[in-house]
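Notes for the structure review
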Amino acid sequence: MKKETVKITTEWIKLDSLLKFAGMCDTGGFAKELIQQGKVTVNGEVCTMRGKKIRPGDTVGVDQYLIEVN
C-alpha cells in the first residue's frame, strides 16, 4: 500500500473533494462513482457518503493508496 500525506488548510474537506485534491480522481463525477460503489474507506471503514467531512488525522483508502490528512 502506498501512503500519501495531504495537507488541508481548512477545518475539513468533503470526501469527494479530497479525492480530487489528492489526485486520486480526475473529476468529481469519477470520485462520486468510486464512493458510491463502496471502493473508498475512511479510517478503515467503507464510506458511501461523498459529502463526508474529512478532518486532519483521518485516513482515506482508495485501491492501493492510503491518504493521511494533516
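First, a word on scope: everything that follows refers to the structure included in this document. (Residues numbered from 1 in each chain as written. Predicted model: local features only at pLDDT ≥ 70, side-chain atom pairs only at ≥ 80, totals over all residues. Heavy atoms only, no water.)

With respect to the overall build of the protein
Across its full length, the protein holds 2 helices and 7 strands. When the helices and strands of the protein are read in sequence order from the N terminus, they spell out β-β-α-α-β-β-β-β-β. Since a compact globule built from 70 residues should have a radius of gyration of about 11 Å, the 10 Å found for the protein is in line with a globular shape. By principal-axis analysis of the C-alpha atoms, the protein measures approximately 25 × 25 × 20 Å. Taking all 70 residues of the protein together, 34% fall into the buried category. Here the contacts in the protein between residues at least 6 apart in sequence split such that 47% fall between residues at least 24 apart. Within the protein, one finds 11 positive and 9 negative side-chain charges whose respective centroids are separated by 4 Å. (Helix = DSSP H or I, 4+ residues; strand = E, 2+ residues; numbered from the N terminus. Rg over C-alpha atoms; globule rule 2.2 N^0.38 Å. Buried < 20%, exposed > 50% of the residue type's maximum accessible area, 1.4 Å probe, protein only. Contact = heavy atoms within 4.5 Å. Lys, Arg positive; Asp, Glu negative; His and termini not counted. Charge placed at Lys NZ, Arg CZ, Asp CG, Glu CD.)

Details of the environment of Lys 53
Note that Lys 53 resides in strand 5 (residues 53-54). Distance from Lys 53 to Glu 11, taken between C-alpha atoms, is 9.2 Å for residues 42 residues apart in sequence. If we skip the residues at most four places from it in the chain, Lys 53 touches Trp 12, Ile 13 and Asp 58.

Re the pattern of salt bridges
For the structure shown, the criterion picks out 2 salt bridges. Across the salt bridge formed by Glu 68 and Lys 3, the nearest N and O atoms sit 3.4 Å from each other. Separated by 65 residues along the polypeptide, Glu 68 in strand 7 (residues 65-69) and Lys 3 in strand 1 (residues 2-6) bring together distant segments of the chain. By relative accessible area, which is 25% here, Glu 68 ends up partly exposed. Given the relative accessible area of 60%, Lys 3 is considered exposed. For the salt bridge of Arg 50 with Asp 16, the shortest nitrogen-to-oxygen distance reads 3.5 Å. Of this pair, Arg 50 sits in the loop between strand 4 (45-46) and strand 5 while Asp 16 sits in helix 1 (residues 15-21), and the two are 34 residues apart along the sequence. (Salt bridge = Lys/Arg side-chain N within 4 Å of Asp/Glu carboxyl O.)

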